[in-house]
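# Chain and residue survey
The residues making up each chain are set out below.
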Amino acid sequence: MNPVLYIGMISGTSRDGVDAALVRFTEDQPDLVEAVCVPYPLDMARSLDRMVNTGQRPTEAALKEMDAQLADHFAGTVSLLLQKAAVKRQDIAAIGSHGQTVWHEPGGEQPESIQLGNPDRIARQTGIVTVGDFRRADIEAGGQGAPLAPLLHRALFGPSAGMETNARVVLNLGGIANISILHRDGRVSGYDTGPANCLMDAWIRVHLGEAFDRDGGWAVGGKCRPELLKSMLSDLYFQKSAPKSTGIEYFNLAWLEKYAPHSANDPRDVQATLAELTAVTVADAIRKHEPGEVLVCGGGAHNRYLLQRLEALLPGTPVVSTAEFGLDPDWVEAVLFAWLARERLADHVLDTGSITGARKPVLLGNIARPH
């Protein structure tokens, strides 16, 4: 089979910009050809911050305006990626664009998950077939709509039948942490465990003006406050059974303020406690599945302090980067949406029931064609 090129794009819950990956598929195996991350302009980033940090569903007027702005940014990202890779748009089979999640409430009276960055507008501007709106069909089938990454993780990292352990876990440390449990018999399950970087990013932005805590260096200088940690761990999300998913409309500064973090005095202590919150909730979730190893991807894969805490909480379980299994941890989610676009164009119905709780297999994504 001749190799086919797809583009996958996503802006995650960290909202630091658009990740775009040019992916070559030979049969079912993706090969990362080129990748870019294009930061949001400052005014757009601030508008997004205001939109998602309120903990309230955005107004229709705000959604409409941001939907167009983000689509333009995503389309521009495609142009930059093609230029960097020296590839013509005519050579691209399709774009898979997750967009930017600004609201996620699959358990509400009217279940929904809102991703902005209009796929029709992207298709018109790029001249390339664009697949988007990946969560809608799953939610309409009674599922959470997320996470979707376990589908790709099974295809790329699924354990062999000869493995001595029952499972392998893939851990994505983005703004939110999610795990994929890849069972030896081929089954896959997964769910969001809670915050990964989102609270740490928000806290350091307020106090130091930094976008994130590089290598966990600020957290290292603080001390975990046991009482603050215990209070946060009492949140019902951590006790909730899977399937479950969450986002920054829930875990944000407003959520953190409920626990009076300033009473800990030193902001570094709060940062250390937030790092421990991520490490403890992730490790508790992983430990239940007794994996032989944990593969880590996402921005948090570069937080050495966080990884050290995970290793300490998971003694005897190797914690390694997905790079050791052939895929750079920074681009796994972008590759996911290239893969999902390919699956959608092939009309492959995907069974997400063991991950999201959907009642039936579904076609993920809607196809937008250039006019």
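Here the focus is the sheet that holds strand E10 (residues 294-297). Strand order across the open sheet formed by five strands is E9-E8-E7-E10-E11, with mixed pairing between neighbours. Edge positions in the open sheet fall to strand E9 (188-195) and strand E11 (319-321), since each of these has one partner strand only. Taking each pair of neighbouring strands and ignoring which way they run, the sheet shows an average axis angle of 25 degrees. Taken together, the seven bridges between strand E7 (residues 167-173) and strand E8 (residues 176-183) define a ladder with antiparallel strand orientation. Across the sheet, the residue bridging to valine 169 is isoleucine 181, located in E8. Strands E7, E8, E9 and E10 of the sheet are contacted by helix H5 (residues 149-157), whose axis makes an angle of about 45 degrees with E8. Its contacts with the sheet place helix H11 (residues 304-313) against E7, E10 and E11, and it is angled at close to 150 degrees to E7.

On to the packing of aromatic side chains. Applying the stated criterion across every chain, the model contains nine aromatic pairs. Judged by centre distance (5.3 Å) and plane angle (55 degrees), the rings of phenylalanine 134 and phenylalanine 337 are tilted. With a gap of 203 residues between them, phenylalanine 134 in the loop between strand E6 (130-132) and helix H4 (136-140) and phenylalanine 337 in helix H12 (residues 332-345) connect regions that are remote in the sequence. Here phenylalanine 134 and phenylalanine 337 have matching classes, each one buried. Relative to phenylalanine 251, the ring of tyrosine 250 lies with its centre 4.8 Å away and its plane at 80 degrees, an arrangement referred to as edge-to-face. Look at tyrosine 250 and you get partly exposed, because its relative accessible area is 35%. Each member of the aromatic cluster is reached from another via a ring pair, and the members are Tyr237, Phe238, Tyr250, Phe251, Trp255 and Tyr259.

Calculation criteria
Counting of residues starts from 1 at the beginning of each chain's written sequence and follows it residue by residue. Local features in a predicted model are, by the rule used here, given only for residues with pLDDT of at least 70; side-chain atom pairs are given and counted only at 80 or more, and totals for whole chains, interfaces and linings are based on all residues. Excluding hydrogens and water, the side-chain values take into account all heavy atoms of the structure. Paired strands are those between which DSSP finds at least two bridges. Strands here are runs of E lasting at least two residues and helices are runs of H or I lasting at least four, both read from the DSSP assignment and numbered beginning at the N terminus. An axis is simply a line fitted to the C-alpha atoms; with a helix, the fit covers only the stretch in contact. Between two such axes, the angle follows the N-to-C directions and lies from 0 to 180 degrees. Whether two residues are in contact is decided by their heavy atoms: any pair within 4.5 Å suffices. Working definition: rings of Phe, Tyr and Trp (its six-membered ring) pair if their centres are within 6.5 Å, and the pair is stacked with planes under 30 degrees apart, edge-to-face with planes over 60 apart, and tilted otherwise. A simple rule labels every residue: compare its accessible area, found with a 1.4 Å probe on the protein chains alone, to the largest value its type can have, and call it buried under 20%, exposed over 50%, or partly exposed in between.

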